[in-house]
Amino acid sequence: LVALFALAPLSAQAAGGSLSDTYSADELVHTGSQFFGSVAQGLATLVEKAVSEYGLPNGYVLGDEGSGALVVGARYGQGTLYTRNRGEFGVYWQGPSIGFDFGGDGAKVMMLVYNLPDVRDIYRRYPGVAGSAFVVGGLGMTVLKDHNVVVVPIPSGVGARIGINAGYLHFTREATWNPF
């Protein structure tokens, strides 16, 4: 159902040769453009917005997800968490939602991860509110937060979806069908 698209992590040389814990907006746009393909202009705008509000992330996730809702919904995905100094880690996510939300979609997702003190801290629940309105395809951005860690999913998907919902994403090391 969901295929994994893995890209090589961004190199320290791409940041001008210096080793840093964070990723620049240019690095994120470049990697995201390679990952998403033709939606690069919209991605650049969303990455710039996230960086202006939250600063530079110290990790990012590239992956795929599928979701659907008829008032009550569920989202499932898998990908790779890239960190500058700790390496790459497989992640799965799933979560329930409830709200005025109808439709379904499949998407490639780039998630910017801020203030992640330890890679093990990604494996928990991140609550948030999401809204969407698209037919065929589009880009979106939501903000999820737990304690000081902020996750900003930027999906580019196809499908038909309209509405607003509240829910959470639960990141795990293993795939599961249980959205809770």
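Broken down by element type, the protein chain carries two helices and five strands. Taking all 180 residues of the protein chain together, 44% fall into the buried category. Of the contacts formed within the protein chain by residues at least 6 apart in sequence, a portion of 72% connects residues at least 24 apart. Approximately 8600 Å² of the protein chain is accessible, and the part contributed by carbon and sulfur atoms is 59%.

As a further point, take the confidence of the model for the protein chain. When pLDDT is averaged along the protein chain, the result is 83; 84% of the residues meet or exceed 70. Contacts for the low-pLDDT stretch residues 1-18, under 50 throughout, to residues beyond four places or in other chains number 43 contacts.

Regular strands show a simple pattern: their side chains alternate between the two faces of the sheet. The buried fraction of strand β1 (residues 59-83) amounts to 18 of the 25 residues, a majority that puts the element mostly inside the structure. In terms of strand pairing, β1 meets strand β2 (residues 87-114) through 24 bridges, oriented antiparallel. Across the sheet, the residue bridging to Leu81 is Phe89, located in β2. Hairpin remark: β1 followed by β2, antiparallel, with three residues in the connecting loop.

Here Ser97 lies in strand β2. Those residues in contact with Ser97 that sit more than four places away from it in its chain are Val71, Val72, Gly73, Ala74, Asn165, Ala166 and Gly167.

Before going further, it helps to examine the environment of Lys145. Note that Lys145 resides in strand β4 (residues 144-146). For Lys145, the contacting residues outside a window of four places in its chain are Tyr126, Pro127 and Val150.

The α-helix advances 3.6 residues per turn, and as a result positions three or four apart in sequence lie on the same side. The end-to-end C-alpha distance of helix α1 (residues 25-36), which contains 12 residues, comes to 16 Å, matching closely the 16 Å that a straight helix rising 1.5 Å per residue would cover. Looking only at α1, the buried set comprises Glu27, Leu28, Val29, Thr31, Gly32, Ser33, Phe35 and Phe36.

Throughout the structure, instances matching the rule amount to seven aromatic pairs. Summarising the aromatic geometry, the rings of Tyr54 and Tyr114 are spaced 5.7 Å apart at their centres and angled 45° between planes, so their arrangement reads as tilted. Taken together, the residues Tyr54 in helix α2 (residues 40-54) and Tyr114 in strand β2 connect sequence positions 60 residues apart. Residue classification places Tyr114 among the buried positions, given a relative accessible area of 1%. Through successive ring pairs, a cluster of aromatic residues spans Tyr23, Tyr60 and Tyr82.

In the structure shown here, the tally under the stated rule is eight salt bridges. Taking the shortest distance from any N to any O, the salt bridge between Asp118 and Arg120 comes out at 2.9 Å. A relative accessible area of 28% places Asp118 in the partly exposed class. The residue Arg124 makes a salt bridge to Asp121 at a minimum N-O spacing of 4.0 Å. Residues joined by salt bridges that share partners form a network here, namely Asp101, Asp105 and Arg161.

In this section: the pairing of β2. Judged from the 21 bridges that link them, β2 and strand β5 (residues 149-172) form a sheet pairing that is antiparallel. Looking at the pairing, Phe102 lines up with Ile162 of β5.

By size, the foremost hydrophobic cluster in this structure holds 20 residues, and its most contacted members are Leu28, Tyr60, Met110 and Leu112. Those elements that place two or more of their residues in this core are α1, α2, β1, β2 and β5. Top contributing element to this core by residue count: α2, with six residues. By size, the runner-up hydrophobic cluster in this structure holds 18 residues, among which are Trp93, Val149, Val151 and Phe171.

Cut-offs used in this document
Residues numbered from 1 in each chain as written. Predicted model: local features only at pLDDT ≥ 70, side-chain atom pairs only at ≥ 80, totals over all residues. Heavy atoms only, no water. Helix = DSSP H or I, 4+ residues; strand = E, 2+ residues; numbered from the N terminus. Buried < 20%, exposed > 50% of the residue type's maximum accessible area, 1.4 Å probe, protein only. Contact = heavy atoms within 4.5 Å. Areas by Shrake-Rupley, 256 points an atom, 1.4 Å probe, with all protein chains shown as cover. pLDDT = per-residue confidence, 0-100. Pairing = 2+ DSSP bridges. Expected span 1.5 Å × (residues − 1). Phe/Tyr/Trp six-rings, centres within 6.5 Å; stacked < 30°, edge-to-face > 60°. Salt bridge = Lys/Arg side-chain N within 4 Å of Asp/Glu carboxyl O. Core = buried A, V, L, I, M, F, W, Y, C linked by side-chain atoms within 4.5 Å.

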